[in-house]
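Examining the three-dimensional arrangement
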Protein chains: 2
Amino acid sequence: MKLTLIGIGTGNPDHLTLEAVRAINAQDLILIPRKGEGKADLAELRHEICAEVLTNSETKIVEFDLPVRDEATLDYRKRVDDWHDAIAQVWAQTIAAHPGAERAALLVWGDPSLYDSTLRIASRLNPQPQMQVIAGITSLQALTAAHAIPINEIGAPFVVTTGRRLRDEGWPAGVDTAAIMLDGACAFQDLPGDQFYIWWGGYVGMREQIICAGPLHEVCDKIIRMRADARAAHGWIMDIYVLRKLSD
Amino acid sequence: MKLTLIGIGTGNPDHLTLEAVRAINAQDLILIPRKGEGKADLAELRHEICAEVLTNSETKIVEFDLPVRDEATLDYRKRVDDWHDAIAQVWAQTIAAHPGAERAALLVWGDPSLYDSTLRIASRLNPQPQMQVIAGITSLQALTAAHAIPINEIGAPFVVTTGRRLRDEGWPAGVDTAAIMLDGACAFQDLPGDQFYIWWGGYVGMREQIICAGPLHEVCDKIIRMRADARAAHGWIMDIYVLRKLSD
């Protein structure tokens, strides 16, 4: 059994690489998760992508119901571990329901390497399939492309981290640039606004894309407002930003 | 005037996104740098990409001679600044030689956001063109795809930095994971090998790709040897690696 994780970029079907198009067409099965009514499960986007690029009539698209996390499990790590176990089991069952299928793929938002669990879930499969990863455009790249900025200063390092870390631990040591992902609470608002520049984006790469950039103290409130309005309008939001410490 | 910087990935023409293919076909001019005989200038790869995906007969492919850095300028920063000025000037001249051209593009190795000077050179153009960036697969993503690994641990941050920084400043503060780029001197060999795991790759994403992973103390010498052999065989090498600090 060969399992291919195909990075599909961030919601723009044109983010697909030619390698991803070939990989999609090389499969027996494409597994698409379904989260249940009303959830932004991106199933529609994945179907849209397949409709656009899949030309191999032998490739079957198969939906499966994504297990839900058991919120009764209080320990966060155990809750996630159990959930990943359950997902791996559903993948195995879905593949087993198609005897003869030798190649299956999952379409992964962004790139399978960056803040994504698909590789960790796949490592639970037993027997372990042969793994293949096809890189995809990340939200961080969609953000820097939208703002037409380099992420690093010349020869300088940068950190990629989460909103939770920024809130709990403050500005990361040893860098002037940080990319912040998975921030549901605008952690940037706790930083001294006159010391930072921010490049922010919501739905980066998608038709709904909104961006804002400027000295943090000037645009902080505007971004919080833009984010809240967009979230109310669409029912969900994914956003990401880069912060750069200004020189003294 | 509109200038589009198109990320083309790391030497595998299939790294091109559908967005990049569309962007290539939307240009009046595609500018391809030529470094002079015998240099690995990737001009061939860029021509190969155009030959494969360019279907717009109105799009002209135009080569220009890349200026050389004046090694007589001792200050590194000034040497690079002067060089970037000279490149911007050659771009402007090359575009001006094609009156009527309104859209020009450069094909950028990897992604224009990551350790690449193209955006900085473009900012020197006067008048400033309208800038557009098309994201491309980076060598870091090609590396993690080749090893089928996530770059971050769950919810954890990572640093992207250079070989020079690792050598001069030691292990970056506050992270257990670092991706090292632009390292011509195997800076990993100065780390305590029993405390790290390394995922290394040369020519990642290309036909010539070679990879090696393991506890640093076990594979350090092997990687140094693989790198030297490959460099001797091909005349050049580009490599990259991810290091992860092992838990105590």
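Residues numbered from 1 in each chain as written. Chains lettered and ligands numbered in written order. Predicted model: local features only at pLDDT ≥ 70, side-chain atom pairs only at ≥ 80, totals over all residues. Heavy atoms only, no water.

**Digging into the sheet that holds strand β7 (residues 177–181) of chain A**
One open sheet holds the ten strands; their spatial order is β9(A)-β8(A)-β10(A)-β7(A)-β6(A)-β6(B)-β7(B)-β10(B)-β8(B)-β9(B), and the pairing between them is mixed. Edge positions in the open sheet fall to β9 (210–215) of chain A together with β9 (210–215) of chain B, since each of these has one partner strand only. Between one strand axis and the next, the sheet turns by 15° as a mean value, whatever way the strands run. Packed onto the sheet, helix α7 (residues 216–234) of chain B meets β8 (196–202), β9 and β10 (239–245) of chain B and runs at close to 165° relative to β9 of chain B. (Pairing = 2+ DSSP bridges. Helix = DSSP H or I, 4+ residues; strand = E, 2+ residues; numbered from the N terminus. Axes fitted to C-alpha atoms, helices over the stretch in contact; angles between N-to-C directions. Contact = heavy atoms within 4.5 Å.)

**Details of helix α3 (residues 76–96) of chain B**
For an α-helix, the turn length of 3.6 residues means that residues three or four places apart are oriented alike. The terminal C-alpha atoms of α3 of chain B lie 30 Å apart, and with 21 residues this matches the ideal 30 Å at 1.5 Å per residue to within 8%. Within the span of α3 of chain B, buried status applies to R79, V80, W83, H84, I87, A88, V90, W91, T94 and I95 of chain B. (Expected span 1.5 Å × (residues − 1). Buried < 20%, exposed > 50% of the residue type's maximum accessible area, 1.4 Å probe, protein only.)

**Re the interface of chain B and chain A**
Contacts between the two partners involve 46 residues from chain B, matched on the other side by 46 residues from chain A. Contact between chain B and chain A buries roughly 3,900 Å² in total, counting both sides, with carbon and sulfur atoms accounting for 59%. Here chain B is connected to chain A by two salt bridges. Of the charged contacts in the structure, one is a salt bridge between D14 of chain B and R22 of chain A, with a shortest N-O distance of 2.5 Å. Taken together, the links from chain B to chain A amount to 25 residue pairs in polar contact (both at pLDDT 80 or more). Residue assignment for the side of chain B that touches chain A shows that the elements contributing at least two residues are α1 (18–25), α2 (43–53), α4 (118–122), β5 (130–134), α5 (139–147) and β6 (158–162) of chain B. Considering each element in turn, the side of chain B that touches chain A owes the most residues, five residues, to β6 of chain B. Within the side of chain B that touches chain A, the residues separate by chemical class into 25 nonpolar, twelve polar and nine charged. Of the pairings in the sheet, the one linking strand β6 (residues 158–162) of chain A to β6 of chain B comprises three bridges and is antiparallel in character. (Buried area = accessible area lost by both parts, 1.4 Å probe. Salt bridge = Lys/Arg side-chain N within 4 Å of Asp/Glu carboxyl O. Polar contact = N/O pair within 3.5 Å; in protein donor to acceptor, adjacent residues only side chain to side chain. Nonpolar A, V, L, I, M, F, W, Y, C, P; charged D, E, K, R; others polar.)

**Comments concerning unusual backbone geometry**
All names here are of chain A. Residue P127 follows N126 across a cis peptide bond; omega there is 5°. Tracing the backbone shows P127 in the loop between α4 (118–122) and β5 (130–134). In this structure, C186 is a non-glycine residue whose phi angle is positive, near 50°. Relative to the helices and strands, C186 resides in the loop between β7 and β8 (196–202). For C186, a relative accessible area of 7% corresponds to the buried category.

**Considerations on the sheet that holds strand β2 (residues 29–34) of chain A**
Residues and elements named next belong to chain A. Taken together, the five strands give an open sheet; going across it, the order is β3-β2-β4-β1-β5, and neighbouring strands pair in parallel fashion. Sheet topology places β3 (60–65) and β5 at the edges, where each strand pairs with a single neighbour. Sheet twist, expressed as the average angle between the axes of neighbouring strands with direction ignored, equals 25°. Here six bridges tie strand β1 (residues 2–7) to strand β4 (residues 103–108), and the two strands are oriented parallel to one another. From the neighbouring strand, G7 faces β4, where its bridge partner is V108. Those strands touched by helix α1 (residues 18–25) are β1, β2, β4 and β5, and its axis lies near 145° from that of β1. Packed onto the sheet, helix α3 (residues 76–96) meets β1, β2, β3 and β4 and runs at close to 140° relative to β3.

**Some words on α3 of chain A**
Those residues of α3 of chain A that sit buried are R79, V80, H84, I87, A88, V90, W91, T94 and I95 of chain A. On its buried side, α3 of chain A packs onto β1, β2, β3, β4 and α4 of chain A.

**Re the pairing of β6 of chain B**
Residue and element names in this part refer to chain B. Taking burial as the measure, the five residues of β6 include five buried ones, the bulk of the element. Here β6 pairs with strand β7 (residues 177–181) via four bridges, running parallel. Bridged to V159 within β7 is A178.

**A word on the pattern of salt bridges**
Residues and elements named next belong to chain A. Throughout the structure, instances matching the rule amount to 19 salt bridges over all chains. Note that R165 and E169 form a salt bridge whose closest N and O atoms lie 3.2 Å from each other. Here R165 and its partner E169 are both found in helix α6 (residues 163–169), four residues apart, which amounts to about one turn of the helix. On the basis of relative accessible area, R165 is assigned to the partly exposed category, the value being 27%.

**A look at the environment of S117 of chain A**
Residues and elements named next belong to chain A. Mapped onto the elements, S117 comes out in the loop between β4 and α4. With 33 residues separating them in the primary sequence, S117 and H84 have C-alpha atoms 8.2 Å apart. Polar contacts involving the side chain of S117 include one to the side chain of H84, which spans 3.5 Å.

**Some thoughts on the relation of the copies chain B and chain A**
What relates the two chain copies is a rotation about an axis together with a slide along it. For the pair chain B and chain A, the relating rotation is 180°, the translation along its axis is 0.0 Å, and the fit reaches an RMSD of 0.0 Å. Here the transformation between the copies is reduced to the relation of a two-fold axis. Within chain B, T17 of chain B has its C-alpha nearest the rotation axis, a separation of 1.9 Å. The fraction of interface residues of chain B whose copies in chain A are also interface residues reaches 100%, indicating that both copies meet through the same surface. (Least-squares fit on C-alpha atoms with pLDDT ≥ 70 in both.)

**Observations concerning the domain arrangement of chain A**
Residues and elements named next belong to chain A. Assigned domains within chain A: domain 1 (2–137) and domain 2 (140–245). Between domain 1 and domain 2, the C-alpha centre-to-centre distance is 28 Å. Opposite the ten residues of domain 1 that make contact, domain 2 presents twelve residues. Between domain 1 and domain 2, the buried area comes to about 920 Å², and carbon and sulfur atoms account for 70% of it. Summed over the shared surface of domain 1 and domain 2, the number is zero salt bridges. Class assignment of the residues belonging to the side of domain 1 that touches domain 2 gives a composition of five nonpolar, five polar and no charged. (Domains from an automatic or database assignment.)

**Concerning the environment of C220 of chain B**
Residue and element names in this part refer to chain B. If you trace the backbone, C220 turns up in helix α7. Residue classification places C220 among the buried positions, given a relative accessible area of 11%. Through-space distance from the C-alpha of C220 to that of R103 is 47 Å; in sequence the pair is 117 residues apart. Leave out the neighbours within four places in its chain, and C220 touches F188 and Q189.

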